[in-house]
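Per-entry structural report
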Amino acid sequence: MHSTVTIVTEYANRIQRGAHMHIRGDHAELVVGGRLDVRSAADARTALHSAVDTGVGDLVLDLSELDSWDATGLGVIMGAHRRAGRCGRRLVLRGVPPQMQRLLVATRLHRILAIEGGIGVEPLPRA
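Worth saying up front: this structure is predicted, and the values here are computed from it rather than measured.

**Overview of the overall build of the protein chain**
The helix and strand inventory of the protein chain stands at four helices and five strands. Tracing the protein chain from N to C terminus, the helices and strands come up as α-β-β-α-β-α-β-α-β. Buried positions account for 45% of the 127 residues belonging to the protein chain. Partitioning the intrachain contacts of the protein chain with sequence separation of at least 6 by distance along the chain shows that 59% fall at a separation of at least 24. About 6,700 Å² of surface is accessible on the protein chain, with carbon and sulfur atoms providing 52% of the total.

Right under this line is the structure:
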């Protein structure tokens, strides 16, 4: 049986070739880079679920290398958050890009997700 690091690395290699995205790390911390979108969602979901299922405690998801995302990518993060909760774990976002911070505030997901250091952007003004 492969260790989590090996499994995530195998997915990272496939993701990098197919969808311009990479995931590296282990069951305690993963770094996501490139594009988290509809083309990479299935592989990203598999890698995140593998990390959630094989670890204990907080799973840190470092997004500092993330270039872009779409609604499907955000859905993958939310799915990993829910799965972590069901496994008695917590998904913690680190290095959230400013544009994603604004999106999380606009969708109020910043109230649900654990974000290391909190959100560093001002909330959108009310219309």
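**Quick word on the sheet that holds strand β3 (residues 59-69)**
The five strands are arranged β1-β2-β3-β4-β5 in an open sheet whose pairing can be described as mixed. For this open sheet the edge positions go to β1 (21-25) and β5 (114-115), each flanked by a neighbour on one side alone. Two strands pair when backbone bridges link them, and strand β4 (residues 91-94) and β5 are joined in this way by two bridges, in the parallel orientation. In the sheet register, L93 faces β5, and the bridge partner there is I115. Sitting on the sheet, helix α4 (residues 98-106) is in contact with β3, β4 and β5, with an inclination near 105° to β3.

**Comments concerning the pattern of salt bridges**
Between side chains of opposite charge, a pair can form when the charged atoms approach closely. As enumerated under the stated definition, the model contains six salt bridges in all. D37 is the partner of R35 in a salt bridge, and the nearest nitrogen-oxygen pair spans 3.6 Å. Given a relative accessible area of 28%, R35 falls into the partly exposed group. Residue D37 is classed as buried on the basis of its relative accessible area, which comes to 13%. The salt bridge partner of D58 is R90, with a shortest N-O separation of 2.8 Å. Of this pair, D58 sits in the loop between α2 (41-54) and β3 while R90 is found in the loop between α3 (71-86) and β4, placing the two residues 32 residues apart along the sequence. On the basis of relative accessibility, which here comes to 35%, the residue D58 falls in the partly exposed class.

**Concerning the confidence of the model for the protein chain**
The predicted model of the protein chain averages 85 in pLDDT, with 80% of residues at 70 or higher. Here helix α1 (residues 4-19) stands out as the element of the protein chain with the lowest mean pLDDT, 47, in contrast to β4, whose mean of 98 is the highest. Low pLDDT, under 50, characterises residues 1-7; the stretch is placed with nine contacts to residues that sit more than four places away or in other chains.

**Here's the deal with empty space enclosed by the protein**
Counted according to the given criterion, the structure contains one cavity of 30 Å³ or more. As a volume, the largest cavity reaches approximately 30 Å³. Lining the largest cavity are M21, I23, V32, L36, A44, L48, L61, L63 and I77. Within the residue set of the lining of the largest cavity, elements represented by two or more residues are β1, β2 (29-36), α2 and β3. Across the lining of the largest cavity, the residue classes tally to nine nonpolar, no polar and no charged.

Calculation criteria
Residues numbered from 1 in each chain as written. Predicted model: local features only at pLDDT ≥ 70, side-chain atom pairs only at ≥ 80, totals over all residues. Heavy atoms only, no water. Helix = DSSP H or I, 4+ residues; strand = E, 2+ residues; numbered from the N terminus. Buried < 20%, exposed > 50% of the residue type's maximum accessible area, 1.4 Å probe, protein only. Contact = heavy atoms within 4.5 Å. Areas by Shrake-Rupley, 256 points an atom, 1.4 Å probe, with all protein chains shown as cover. Pairing = 2+ DSSP bridges. Axes fitted to C-alpha atoms, helices over the stretch in contact; angles between N-to-C directions. Salt bridge = Lys/Arg side-chain N within 4 Å of Asp/Glu carboxyl O. pLDDT = per-residue confidence, 0-100. 1 Å grid on protein atoms, 1.4 Å probe; cavity = no way out; pocket = protein on both sides within 12 Å on 5 of 7 lines; lining within 4 Å. Points joined across faces, edges and corners; volume = space filled by probe spheres on them. Nonpolar A, V, L, I, M, F, W, Y, C, P; charged D, E, K, R; others polar.

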